[in-house]
Amino acid sequence: MSPSRPRTRPARVPAEPARPRPPASLDPAVLPDHDLDTEAGYERLGFVDLDLSGRRAEAVEFTQCRMRHTTLAGTTLSRARLTDCLVESGDWANLRMPSATLLRVRAADSRMTGFALVDAVARDVVFEACRMDLSGWRFTRFTAVRFEGCNLTGADFTGADLGGAAFVGCDLTGARFDNATMTGTRFRDCVLLDVAGVTSWRGAVVEAADLIQLAHVFAAALGVRIAPEP
């Protein structure tokens, strides 16, 4: 009788993000009527070419809104909630969103250098062709989230639950994954040079071509020296 083999649990496959559901017709947002105020709610509004930078507000809610060419640079929105929202060609550089919730959100072609979504929840979210270098995602939980064609150099995913995240065609050079949960996290056609926290990668799914880049990083983490070719 042959000995039984230990069962292995299959890796989770990140679900395809559900699409945002904004209405076909939106009322235009105008200042100062729709400036950012604590506990304010904004529903079915189109934010176009507005400057909302440098604000500070808590518990703001955006529902079925569209933001185009609108800046939130340097703004802090604690415990904010975005539901069924579209962000296009926005400037979210250094936007801080601690303890926020993103539900069915799509951000495309946006500048998000230094963006921080910390201790937050992201579900059914797509970031496409966004500049997100030096962004922070510490202790955030990702469910059905896809990063596609994004610059994530130096991004910080420390302590995040990335089991529901997929990275496609992203530059993750120097990104940190210390103490992250990564069972089922998917990587395809990504740059993975000099990533930190590789001991957290148990259960991640990496395409063969991407894994070659990680060889030196994994070797260094295990104390293995790679001899030069003769």
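Residues numbered from 1 in each chain as written. Predicted model: local features only at pLDDT ≥ 70, side-chain atom pairs only at ≥ 80, totals over all residues. Heavy atoms only, no water.

Participant: Provide a residue-level description of the overall build of the protein chain, including the pertinent values.
Facilitator: Assigned secondary structure in the protein chain consists of 1 helix and 14 strands. Counting every position in the protein chain, which comprises 230 residues, the buried fraction comes to 47%. Look at the contacts in the protein chain between residues 6 or more apart in sequence, and 10% of them connect residues 24 or more apart. Only carbon and sulfur atoms are counted for the fraction: they give 48% of the accessible area of the protein chain, which is about 12000 Å². (Helix = DSSP H or I, 4+ residues; strand = E, 2+ residues; numbered from the N terminus. Buried < 20%, exposed > 50% of the residue type's maximum accessible area, 1.4 Å probe, protein only. Contact = heavy atoms within 4.5 Å. Areas by Shrake-Rupley, 256 points an atom, 1.4 Å probe, with all protein chains shown as cover.)

Participant: Could you give me a rundown of the pattern of salt bridges, with the residues and numbers involved?
Facilitator: Pairing is possible between side chains that carry opposite charge, provided their charged atoms lie close to one another. Under the counting rule described, the total for this entry stands at 14 salt bridges. Across the pair aspartate 35 and arginine 55 runs a salt bridge, and its minimum N-O distance is 3.0 Å. Within this pair, whereas aspartate 35 is found in the loop between β1 (27-28) and β2 (41-43), its partner arginine 55 is found in the loop between β3 (45-48) and β4 (56-58), the two being separated by 20 residues in sequence. Overall, arginine 55 belongs to the partly exposed group, its relative accessible area being 23%. Between arginine 66 and glutamate 88 there is a salt bridge, with the nearest N and O atoms lying 2.8 Å from each other. Highlighted residues: arginine 66 in strand β6 (residues 66-68) and glutamate 88 in strand β8 (residues 81-88), separated in sequence by 22 residues. The network of salt bridges with shared partners includes Glu16, Arg146 and Glu148. (Salt bridge = Lys/Arg side-chain N within 4 Å of Asp/Glu carboxyl O.)

Participant: Account for the packing of aromatic side chains, with residues named and values stated.
Facilitator: Counted according to the given criterion, the structure contains 20 aromatic pairs. Where phenylalanine 127 meets phenylalanine 147, the ring centres are 5.2 Å apart and the plane angle is 20 degrees; that geometry is what we call stacked. Pair noted here: phenylalanine 127 is in strand β10 (residues 121-128) and phenylalanine 147 is in strand β11 (residues 141-148), with a separation of 20 residues, a long-range link. Ring centres of phenylalanine 142 and phenylalanine 157 lie 6.3 Å apart, and the angle between their planes is 55 degrees; this geometry places the pair in the tilted category. Of this pair, phenylalanine 142 sits in strand β11 while phenylalanine 157 sits in the loop between β11 and β12 (165-168), and the two are 15 residues apart along the sequence. For the residue pair phenylalanine 142 and phenylalanine 157, the accessibility class agrees, reading buried in each case. By way of ring pairs, the aromatic residues Trp92, Phe115, Phe127, Trp137, Phe142, Phe147, Phe157, Phe167, Phe177, Phe187 and Trp201 are connected into one cluster. (Phe/Tyr/Trp six-rings, centres within 6.5 Å; stacked < 30°, edge-to-face > 60°.)

Participant: Tell me about empty space enclosed by the protein, and please be specific about residues and values.
Facilitator: Across all of its chains, the model carries 1 cavity of 30 Å³ or more by this definition. The computed volume of the largest cavity comes to approximately 40 Å³. In terms of lining residues, the largest cavity is bounded by Phe62, Met67, Leu72, Leu77, Leu82, Trp92, Leu95 and Met97. Looking at side-chain class alone, the lining of the largest cavity contains 8 nonpolar, no polar and no charged residues. (1 Å grid on protein atoms, 1.4 Å probe; cavity = no way out; pocket = protein on both sides within 12 Å on 5 of 7 lines; lining within 4 Å. Points joined across faces, edges and corners; volume = space filled by probe spheres on them. Nonpolar A, V, L, I, M, F, W, Y, C, P; charged D, E, K, R; others polar.)

Participant: Could you give me a rundown of the confidence of the model for the protein chain, with the residues and numbers involved?
Facilitator: Interpreting fine coordinate detail is not advised for predicted regions of low pLDDT. Residues at a pLDDT of 70 or more form 88% of the protein chain, whose mean pLDDT is 90. Long-range and interchain partners of residues 1-11, a stretch whose pLDDT sits below 50, account for 3 contacts in this model, where long-range means more than four residues apart. (pLDDT = per-residue confidence, 0-100.)

Participant: Residue-level account of the pairing of β12, with values.
Facilitator: Because side chains alternate across β12, one face comprises the buried residues Ala165 and Phe167, and the other comprises Ala166 and Val168, equally buried. Sheet analysis places β12 next to strand β13 (residues 186-188), joined by 3 bridges and oriented parallel. Note that in β13 the partner of valine 168 across the bridge is arginine 188. (Pairing = 2+ DSSP bridges.)

Participant: How would you explain the nonpolar core if you had to name every residue and give the values?
Facilitator: Side chains of a nonpolar character, in soluble globular proteins, are inclined to be buried together. The biggest cluster of nonpolar side chains holds 61 residues, and the ones touching the most others in it are Phe62, Phe127, Trp137, Phe147, Leu152, Phe157 and Phe177. Elements with a contribution of two residues or more to this core: β3, β8, β9 (101-108), β10, β11, β12 and α1 (208-222). Other than its neighbours up to four places away in sequence, phenylalanine 147 contacts Phe127, Met132, Trp137, Phe142, Leu152, Phe157, Ala166, Phe167, Val168 and Cys170. (Core = buried A, V, L, I, M, F, W, Y, C linked by side-chain atoms within 4.5 Å.)

Participant: So, the side chain of threonine 76: which residues are in play, and what are the values?
Facilitator: Looking at the element boundaries, threonine 76 is found in strand β7 (residues 76-78). Here threonine 76 falls in the buried class, since its relative accessible area comes to 13%. Once residues lying within four places of it in the same chain are set aside, the contact partners of threonine 76 are Arg55, Arg56, Ala57 and Arg96.

Participant: Residue-level account of the environment of alanine 166, with values.
Facilitator: Relative to the elements of secondary structure, alanine 166 occurs in strand β12. Spatially, the C-alpha atom of alanine 166 lies 9.7 Å from that of valine 126, the residues being 40 residues apart in sequence.

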